[in-house]
Each structure stands twice: as structure tokens, then as C-alpha cells.
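Spelled out from the first residue to the last, the chains are:
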Amino acid sequence: MRFIEAVTTGYEYQGFWGSFWDIIWWFLLIFVFMAYLFALFAVIGDLFRDHKLSGWWKAIWIIFLIFVPFLTLLVYLIARGNGMARRSASAASEMKAAQDEYIKSVAGGTGSSPSEEIAKAKALLDAGTITQAEYDAIKTKALA
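The structure contained in this document is the topic of the report that follows. (Residues numbered from 1 in each chain as written. Predicted model: local features only at pLDDT ≥ 70, side-chain atom pairs only at ≥ 80, totals over all residues. Heavy atoms only, no water.)

### Considering the packing of helix H2 (residues 20–49) against helix H3 (residues 55–67)
Formally: Only C-alpha atoms enter the line fits that serve as axes; for helices the fit covers just the stretch in contact. Angles between N-to-C directions range over 0 to 180 degrees. Secondary structure elements follow DSSP: runs of H or I no shorter than four residues count as helices, runs of E no shorter than two count as strands, and numbering proceeds from the N terminus. Should an angle fall under 35 degrees it is called roughly parallel, over 145 degrees roughly antiparallel, and 65 to 115 degrees roughly perpendicular, with every other angle called oblique. It is the rotation of the near helix from the far one that decides the hand of a crossing: anticlockwise by less than a right angle makes it left-handed, clockwise makes it right-handed. Residue contacts are defined here by distance: any two heavy atoms, one from each residue, within 4.5 Å place the two residues in contact. Only Asp, Glu, Lys and Arg are considered charged in this grouping, and only Ala, Val, Leu, Ile, Met, Phe, Trp, Tyr, Cys and Pro are considered nonpolar; every other residue, Gly among them, is considered polar.
One can describe the packing of H2 onto H3 by two numbers: an axis separation of 10 Å at closest approach and a directional angle of 165°. One finds that H2 runs roughly antiparallel with respect to H3. Handedness of the crossing formed by H2 with H3: left-handed. Packed against H2, whose contacting residues are Leu 40, Val 43, Ile 44, Leu 47 and Phe 48, the element H3 presents Lys 58, Trp 61, Ile 62 and Leu 65 at the interface. Among the residues forming the contact of H2 with H3, the class breakdown is 8 nonpolar, no polar and 1 charged.

In C-alpha cells:
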């Protein structure tokens, strides 16, 4: 470092790890940037989840998010934050219902009680549709 620079600045740069407060500052900046990215992607996801908003309004929001990102993000969260929460909750409940339906279809259970399954199997046995061994297997499975 030159003598003139040292005299005029009064501070000698010690590299990235030179000061504890430099490290704290970098972590704070990274945290704010990551929070901004999470909010940005949440807003973009909400824009495309909203079926009541026309395509032109979606395009306008996206254009403003590109050119005036911080201000547009804040305006969107203030103006449409309530609806954003409702749409998110609705999507989560729809996903849970679909998941529950899928689990029921894969599990193969009809949701009936063991006594109902045994009664159905007994009716099939009496009708001659299944054998005694098949009835015993269904009864064992229902009681297990």
C-alpha cells in the first residue's frame, strides 16, 4: 500500500476476513438477499396461481417486478397479501385432499370396518363365489 493512500484513508483493508464486522455485514447482506429471493418467488408463484387475474395484469406485475423490483414486491404484498394467503391455503388443502385420495387408492382399503368386510366375505361364501379357504384368508386379513 502506498504511503499517500494510507495517510488519506486512515484505513488499511485487511481482506474479507480482516474484520469481524465485515463478516457480520456480509452475512446480513446475504440474509437480506435470500429473503428477497424467497419473497420474489412467492409472489411470482402466487401470480400464476391466481386464476381470477387476467394474463395482461400478470404480465404488468412481472414487468414491474423486473424493472422496479423492491417497490413492486412491497406493493404486491400490501395490496394482494390477504388473497395470497387464501390462495396458498386453498392450494395446500387441495394438495392434501389429493394426497389423501391417492393414499386411499394405493392402500386398497375401502374404509369399511373389519366386521363389514367379514360380512361381505360371508355373503360371497354363501353365494358360492369364494371357497372356505378364501373366506378364512379374508377373515384373517380383516382381523389383523
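### Observations regarding the nonpolar core
Condition: Among buried residues, the Ala, Val, Leu, Ile, Met, Phe, Trp, Tyr and Cys ones that are joined through side-chain atoms within 4.5 Å form a nonpolar core. Exposure is judged per residue with a 1.4 Å probe applied to protein chains only, and the accessible area is read against the type maximum: over 50% gives exposed, under 20% gives buried, and values in between give partly exposed.
One finds Tyr 36, Leu 40, Val 43, Leu 47, Leu 53, Trp 61, Leu 65, Leu 73, Tyr 76 and Met 84 forming the largest nonpolar core, which totals 10 residues. When residues in this core are grouped by element, the largest group, 4 residues, is from H2.

### Digging into the packing of aromatic side chains
Note the cut-off: Side-chain rings of Phe, Tyr and Trp (the six-membered ring for Trp) are treated as a pair once their centres are within 6.5 Å; stacked means planes under 30 degrees apart, edge-to-face means over 60, and tilted covers the remaining angles.
In the structure shown here, the tally under the stated rule is 2 aromatic pairs. Where Tyr 36 meets Phe 70, the ring centres are 4.7 Å apart and the plane angle is 45°; that geometry is what we call tilted. One end of the pair, Tyr 36, is in helix H2; the other, Phe 70, is in helix H4 (residues 69–107), and 34 residues separate them in sequence. According to the relative accessible area criterion, Tyr 36 is buried, its value standing at 14%. Its relative accessible area of 57% is what places Phe 70 among the exposed residues. On the basis of an interplanar angle of 90° and a centroid distance of 4.9 Å, the ring pair of Trp 61 and Tyr 76 is categorised as edge-to-face. In this pair, Trp 61 sits in helix H3 while Tyr 76 sits in helix H4, placing the two residues 15 residues apart along the sequence. Classification of Trp 61 by relative accessible area gives buried; the value is 17%.

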